[in-house]
Amino acid sequence: MKVDFLSLADFSRADVESMLDDADRLKAELRAGKSTRPLVGKTLAMIFEKPSLRTRVTFETGIKQLGGASVYLAPEDIRLGARETVADIARNLSRWVDLIVARTFSHRSLVELAQHATIPVINGLTDLLHPAQVLADLMTMRERRGALENATVAFIGDGNNVVNSWLNAAALFGLDFRLACPPGYEPDPKILARAQALVPGRIQILNDPAAAAKDADVVYTDVWTSMGQEAESQARRAAFAGYQINAALLREASKDVLVMHCLPAHRGEEITAEVLDGPRSVVLDQAENRLHAQKAVMVWLSTRSQPGA
Ligand code: CP
Ligand code: NVA
């Protein structure tokens, strides 16, 4: 059997804590100049249907640091599901490489890839979820706060893929998670209902950014228009106009608040330059931790998977 990393909801809290501990260790070893190369001879195939800076560079750099190699497959290279079926791509790649990371539009394409691959498949973002991002965010919160327990996370903006993965994380760790979004931009209803059932009373969907940010330990935002939604950008700019992290909103939060953003950011839209580049911002720690967290995931999956089974 092989193990995939498609959603945080597929893992226990102990599993995710073990990945985070491994990520901390890999980060410390890298900083100490110690080379840890458990994936010598392994190859990671990287299927990208959408653009990327952080995800691509951190997976490519990560596998290389672990002793392995990568093959980047741009949208026009394989045309997932158009030139040949997702299942055939999965079966072929399984004969040559050892791991796959995929960034797809449809989450179903990712699940199908994983179903037909005999090697671990990692979610590099879909329209539904972005678990690799939230794993790095949890790592950043642990570094900055010492623990995840009893944290209040306020997300201001769209109920998108990052929010859906945060709902899964909140359910795992018992976090208080508040989303302030305009009506009509709520997260996936099934993921929301599951999280609300697992941690009753801890998940709130609000329309008021100030109420969401009140005494929060983390205020988080993301773009108003995600990749693939470009045709809606004008309507979204109007709908999200009041949903900005700025200095006034930050005054509602805890004085030790961490400002988080998965990036790329649009200064002047979902966040002001002053706050994004200001002293409470940890966005570059989040970006750096993508590298360490994803290295931990690659090692974790490789160690627990039986290839070819
Ligand atoms: N946060 C993130 O996933 O960035 P990229 O889209 O640049 O990979
Ligand atoms: N919600 C954004 C995240 C980018 C990392 C998107 O899907 O485009």
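Parameters and conventions
Residues numbered from 1 in each chain as written. Chains lettered and ligands numbered in written order. Predicted model: local features only at pLDDT ≥ 70, side-chain atom pairs only at ≥ 80, totals over all residues. Heavy atoms only, no water. Pairing = 2+ DSSP bridges. Helix = DSSP H or I, 4+ residues; strand = E, 2+ residues; numbered from the N terminus. Axes fitted to C-alpha atoms, helices over the stretch in contact; angles between N-to-C directions. Near = heavy atom within 4 Å. Polar contact = N/O pair within 3.5 Å; in protein donor to acceptor, adjacent residues only side chain to side chain. Areas by Shrake-Rupley, 256 points an atom, 1.4 Å probe, with all protein chains shown as cover. 1 Å grid on protein atoms, 1.4 Å probe; cavity = no way out; pocket = protein on both sides within 12 Å on 5 of 7 lines; lining within 4 Å. Sits in = over half its atoms within 2 Å of the grid points. Nonpolar A, V, L, I, M, F, W, Y, C, P; charged D, E, K, R; others polar. Core = buried A, V, L, I, M, F, W, Y, C linked by side-chain atoms within 4.5 Å. Buried < 20%, exposed > 50% of the residue type's maximum accessible area, 1.4 Å probe, protein only. Contact = heavy atoms within 4.5 Å. Expected span 1.5 Å × (residues − 1). Bend = angle between axes of the 7 residues up to and from the residue.

Novice: I'd like to hear about the sheet that holds strand 3 (residues 99-103), residue by residue, with values.
Specialist: The strand order across the open sheet formed by 4 strands is 2-1-3-4, and the pairing between neighbours is parallel. Since the sheet does not close on itself, it has two edges, and those belong to strand 2 (69-73) and strand 4 (121-123), each with one partner. Between one strand and the next, the sheet's axes are offset by a mean angle of 20°, whatever the strand orientation. Pairing analysis gives 5 bridges linking strand 1 (residues 43-48) to strand 2, with the strands arranged parallel.

Novice: Let's hear about the site of ligand 1: which residues, and what values?
Specialist: Every residue near ligand 1 is listed here: S52, L53, R54, T55, R103, H130, Q133, C262, L263 and R290. Between T55 and ligand 1, the recorded distance is 2.7 Å, taken from a side-chain N or O atom to an oxygen atom. Measuring from a nitrogen atom of ligand 1, one finds a backbone N or O atom of L263 at 2.9 Å. When ligand 1 sits alone it has 250 Å² of accessible area, and the protein chains cover 95% of it. Using a 2 Å cut-off from the grid points, one finds that ligand 1 occupies the largest pocket. A class-by-class count of the residues in the shell around ligand 1 yields 3 nonpolar, 4 polar and 3 charged.

Novice: Report on the nonpolar core, specifying residues and quantitative values.
Specialist: Core analysis: the biggest nonpolar cluster contains 84 residues, and F5, L138, W166, F177 and V219 have the highest contact counts within it. Ranked by residue count, the leading element in this core is helix 7 (residues 161-173), at 9 residues. Setting aside residues up to four positions removed in sequence, F5 forms contacts with F11, M19, V121, I122, N123, P131, A132, L135, V297 and L301. Grouped together as the second largest cluster of nonpolar side chains are 19 residues, I89, A114, A117 and I119 included.

Novice: Describe helix 13 (residues 283-304), and please don't skip the residues or the numbers.
Specialist: Every α-helical turn comprises 3.6 residues, leaving residues that sit three or four positions apart pointing alike. Taking 1.5 Å per residue as the helical rise, helix 13 with its 22 residues ought to reach 32 Å, and the 31 Å between its terminal C-alpha atoms agrees with that figure. The sharpest bend along helix 13 measures roughly 30° and falls at N289. Counting buried residues in helix 13 gives 16 out of 22 residues, a clear majority hidden from the surface.

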